[in-house]
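So you can see what is in the structure, the chains are spelled out below.
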Amino acid sequence: MGRWLGAAIATCFLTGLWSHLLQHPPGWFDLPASPAWGYQLSQGLHVASGFAAVPLLLAKLWVVYPRLFAWPPLRSLGHAAERASVAALVAAVIFELVTGVANAAQWYPWPFSFTAAHYAVAWVAAGALCLHLAARLPLTPRRAGGGPGGAGDPEPDPEPAGVAQGRRRFLATAFGTAGAVTLLSAGQTVRPLAPLAVLAPRRAGVGPQRLPVNKTAAQAGVRAALGDPAYRLRVIGPRSLALTLAELRELPQRTVALPIACVEGWSSTVVWTGVPLRELLALAGAPTGASARVGSLERSGPYRTSMVGPTQAAHPDTLIALAVGGAPLHPDHGYPARLIAPNRPGVLQTKWLTRIEVI
Ligand SMILES: Nc1nc2c(c(=O)[nH]1)N[C@H]1C(S)=C(S)[C@@H](COP(=O)(O)O)O[C@H]1N2
Ligand SMILES: [Mo]
């Protein structure tokens, strides 16, 4: 069970690091554009492995908790160090799972930034897990060999009848719960499981234009600006442009199916129609290999601008989308125009665009 919990935590940690890298790319990192479903898969795994880890962690704590309170608490310097790493491990993993599940439900009952804290504590958990494994591994083979356990543990008594059966039932309950949690939540990103997704906060196909919404136009404070006849999409470059929505619709359009994939674990693949970003960049005289910064009508909020690196900017499927499912974007989906690019975190698929800057 420890191995399964370790595998779930490792999956969660690595997919989390990947998401952090894409959301906060350092200068040397150019976001890839393929496979289009890459972010959807990695963050589906992130949330599924995190959810599955909850019952496995509870079961693991149930097995080991008498040892957490063993007396005397500190036997030697090494023992004290091991206890400290176990305390950090348990606290950090509980923190990650509680904040992660709350974030998936868009519930933030704390004063700190979720992303900053969830990222920082992930490193504490990973470091403490490495220390814990380094401290326990030398002891494990001896126990598997049937010899005495860790320092000072007495020989186990022969197993009384019924204990093996109880243990089997316990393991079946722990793994059964982990499997059930996965099955009942994965439908937020795995389409065929959607009818079972009773534990998923959001579902594919539910929302305006059959697509979930994270932040509505009203929440972003852009409702009043959306019908403004003075709206222009400004493209700022060597030959700057200011296009009305009608002018945008007259440019050659492209239609592609691309997922919106939120780090919170839900995703939905829908058909978008719009002007390829690279055509707008070319009209504005951008050199090949240019990046772009897109900006929203939204006045504040962490997702009102985003950078499109050279690879995604040059990709034909990176669209300034004007329509979804053949109809103009719903206000909550970014009317009049939103960015949609392959293999891109949902938080960077900026809505209510008014500005594109050639970088
Ligand atoms: N301007 C702006 N764009 C935004 C956001 C936002 O808060 N403001 N939220 C982002 C997030 S977190 C996600 S997952 C996607 C969700 O897309 P949807 O709400 O259109 O389904 O939009 C992104 N685009
Ligand atoms: Mo998101």
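Conventions used here
- Residues numbered from 1 in each chain as written.
- Chains lettered and ligands numbered in written order.
- Predicted model: local features only at pLDDT ≥ 70, side-chain atom pairs only at ≥ 80, totals over all residues.
- Heavy atoms only, no water.
- Pairing = 2+ DSSP bridges.
- Helix = DSSP H or I, 4+ residues; strand = E, 2+ residues; numbered from the N terminus.
- Axes fitted to C-alpha atoms, helices over the stretch in contact; angles between N-to-C directions.
- 1 Å grid on protein atoms, 1.4 Å probe; cavity = no way out; pocket = protein on both sides within 12 Å on 5 of 7 lines; lining within 4 Å.
- Points joined across faces, edges and corners; volume = space filled by probe spheres on them.
- Nonpolar A, V, L, I, M, F, W, Y, C, P; charged D, E, K, R; others polar.
- Buried < 20%, exposed > 50% of the residue type's maximum accessible area, 1.4 Å probe, protein only.
- Core = buried A, V, L, I, M, F, W, Y, C linked by side-chain atoms within 4.5 Å.
- Contact = heavy atoms within 4.5 Å.
- Parallel < 35°, antiparallel > 145°, perpendicular 65-115°, else oblique.
- Left-handed = near helix turned anticlockwise from the far one by under 90°.
- Salt bridge = Lys/Arg side-chain N within 4 Å of Asp/Glu carboxyl O.
- Near = heavy atom within 4 Å.
- Polar contact = N/O pair within 3.5 Å; in protein donor to acceptor, adjacent residues only side chain to side chain.
- Areas by Shrake-Rupley, 256 points an atom, 1.4 Å probe, with all protein chains shown as cover.
- Phe/Tyr/Trp six-rings, centres within 6.5 Å; stacked < 30°, edge-to-face > 60°.

Caption draft 1: Representation of the sheet that holds strand E6 (residues 305-308). If you walk across this open sheet you meet the five strands as E2-E1-E10-E5-E6, and the pairing is mixed. Strands at the two margins of the open sheet, each flanked by one partner only, are strand E2 (241-243) and E6. Neighbouring strand axes in the sheet, compared pairwise and without regard to direction, differ in orientation by 15 degrees on average. As judged from the five bridges shared by strand E5 (residues 292-296) and strand E10 (residues 353-358), these two strands associate in the antiparallel manner. Looking across to E10, one finds that Gly 295 is bridged to Arg 355.

Caption draft 2: Region of interest: empty space enclosed by the protein. Following the criterion strictly, the structure yields one cavity of 30 Å³ or more and no others. Roughly 30 Å³ of volume is contained in the largest cavity. In terms of lining, the largest cavity is formed by Ala 36, Tyr 39, Gln 40, Pro 259, Ile 260, Ala 261, Ala 341, Pro 342, Asn 343, Arg 344 and Gln 349. Those elements that place two or more of their residues in the lining of the largest cavity are helix H2 (38-68) and strand E3 (254-261). Per-element tally for the lining of the largest cavity: the top contributor is E3, with three residues. Of the residues assigned to the lining of the largest cavity, the class counts are seven nonpolar, three polar and one charged.

Caption draft 3: Spatial organisation of the pairing of E5. Counting buried positions along E5 gives four out of five residues, so the element sits mostly inside the fold. Looking at chain direction, E5 and E6 are connected through four bridges and run antiparallel. Bridging across to E6, Arg 293 finds its partner in Met 307.

Caption draft 4: Geometry of the nonpolar core. Membership of the largest hydrophobic core comes to 24 residues, with the highest contact counts inside it found for Leu 233, Leu 277, Leu 280, Leu 281, Ile 320 and Ile 356. Counting residues per element, the ones that place at least two in this core are strand E1 (233-236), helix H9 (245-250), helix H10 (277-283), E5, strand E7 (319-324) and E10. If near-sequence neighbours (up to four positions away) are discounted, Ile 356 is found in contact with Leu 233, Arg 234, Val 235, Ile 236, Leu 277, Leu 280, Leu 281, Ala 292, Arg 293, Val 294 and Ile 320.

Caption draft 5: Local environment of the packing of H2 against helix H3 (residues 77-104). Running from amino to carboxyl end, H2 crosses H3 at an angle of 150 degrees, the nearest separation of the two axes being 11 Å. Taken as axis vectors, H2 and H3 run roughly antiparallel relative to one another. Like other packed secondary-structure pairs, H2 and H3 cross with a definite hand, here left-handed. Two secondary-structure elements touch here, H2 through Gly 50, Phe 51, Ala 53, Val 54, Leu 57, Leu 61, Arg 67 and Leu 68 and H3 through Arg 83, Val 86, Val 90, Val 93, Ile 94, Leu 97, Val 101 and Ala 104. Residues of the contact of H2 with H3, tallied by class, amount to 13 nonpolar, one polar and two charged.

Caption draft 6: Region of interest: the pattern of salt bridges. For the coordinates displayed, the defined rule picks out six salt bridges. The closest approach of N and O atoms between Glu 298 and Lys 215, which form a salt bridge, is 2.7 Å. Taken together, the residues Glu 298 in the loop between E5 and E6 and Lys 215 in the loop between helix H6 (163-185) and helix H7 (217-220) connect sequence positions 83 residues apart. Overall, Lys 215 belongs to the partly exposed group, its relative accessible area being 30%. Across the pair Arg 254 and Asp 317 runs a salt bridge whose closest N-O atoms are separated by 2.7 Å. Residue Arg 254 is found in strand E3, and its partner Asp 317 is found in the loop between helix H11 (310-314) and E7; the two are separated by 63 residues along the sequence. Classification of Arg 254 by relative accessible area gives partly exposed; the value is 33%. A single network of salt bridges, built from pairs that share partners, joins Arg 293, Arg 355 and Glu 357.

Caption draft 7: The pairing of E1, seen in detail. Burial of E1 is one-sided: the residues Leu 233 and Val 235 facing one way are buried, the residues Arg 234 and Ile 236 facing the other way are not. Both E1 and E2 contribute to a ladder of three bridges, which runs antiparallel. Residue pairing for E2: Leu 233 is matched across the bridge by Leu 243. Linking E1 to E2, which pair antiparallel, is a turn of four residues. One ladder, built from three bridges, connects E1 with E10; its direction is parallel. Its bridge partner being in E10, Ile 236 is matched across the sheet by Glu 357.

Caption draft 8: The arrangement of the site of ligand 1 in detail. Around ligand 1 lies a shell of 18 residues, among which Pro 212, Asn 214, Glu 298, Arg 338 and Lys 351 are the nearest. A distance of 2.7 Å separates a nitrogen atom of ligand 1 from a polar side-chain atom of Glu 298. Side-chain polar atom of His 333 to an oxygen atom of ligand 1: 3.3 Å apart, as the coordinates give it. Protein contact buries 98% of the 530 Å² of open area that ligand 1 shows by itself. By residue class, the composition of the shell around ligand 1 is eight nonpolar, six polar and four charged.

Caption draft 9: Examining the packing of aromatic side chains more closely. Scanning all chains against the criterion turns up eleven aromatic pairs. Relative to Phe 29, the ring of Trp 28 lies with its centre 5.7 Å away and its plane at 80 degrees, an arrangement referred to as edge-to-face. Centroid distance Phe 95 to Phe 112: 5.8 Å. Interplanar angle 35 degrees. Geometry classified as tilted. Placement of Phe 95 in helix H3 and of Phe 112 in the loop between H3 and helix H4 (114-136) is noted, with a sequence separation of 17 residues between them. Judged by its relative accessible area of 24%, Phe 95 is partly exposed. You can call Phe 112 partly exposed: its relative accessible area is 35%.

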